[in-house]
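Structure at a glance
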Amino acid sequence: DVSSPKHGKVDPDNMPHVGGNTWAGGTGGRDTAGLGGKGGPYRLDAGHRVYQVSQAEKDAVPEEVKRAAREMGEKAFKHRLKEIQMSEYDASTYERFSGAVRRQVQSLRIILDNLQ
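Going by what an unreviewed UniProt entry lists, the chain is known as VWA8 protein and is assigned to Galbula dea.

Here's what the structure looks like:
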C-alpha cells in the first residue's frame, strides 16, 4: 500500500532498484520519486529499465496520497525553477516551443547516436 510521497534515498552507486519504498529513481515501486510506480511525487529517471505497475494499481491510490504527491511535485518544480532562475511563465513558454519540435529533436538524437 502507498502511505505518503517522498523523494527517497539516493543510491550513491546508482544501482537499479525495482519495487519497494526506499530509493529515488527506482522503477515500479511506491511512494518515492521514480518511474513506473505509484504514489510518488514526481518522475525521476535514473537511467535504468522501467518496470511499470498496472493502471489498476495506480487507480487504487487513495485521493489524499495523490493530492499530497501533486503538492510535493509542484513544490519541487517551483524550487527547480528558482534554482535555474526561470519563472513559471518562462517555463510554459519554453514548453510550448520545445513541444513543437520535440519529435524532430528526438529523431535528430537517434541519428546522431547512430553516427557515433
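Take the packing of aromatic side chains next. Within this structure, the stated rule accounts for 0 aromatic pairs. Positioned above the aromatic ring of Trp23, the side-chain terminus of Lys9 is 5.0 Å from the ring centre.

Tracing the chain through its elements places Ala46 in the loop between strand E2 (34-35) and helix H1 (55-59). In this structure, the C-alpha to C-alpha distance between Ala46 and Ala24, residues 22 residues apart in sequence, is 8.2 Å. Residue contacts for Ala46: discarding those within four places in its chain leaves Asn14 and Gly25.

Parameters and conventions
Residues numbered from 1 in each chain as written. Predicted model: local features only at pLDDT ≥ 70, side-chain atom pairs only at ≥ 80, totals over all residues. Heavy atoms only, no water. Phe/Tyr/Trp six-rings, centres within 6.5 Å; stacked < 30°, edge-to-face > 60°. Lys NZ or Arg CZ within 6 Å of the ring centre and 35° of its normal. Helix = DSSP H or I, 4+ residues; strand = E, 2+ residues; numbered from the N terminus. Contact = heavy atoms within 4.5 Å.

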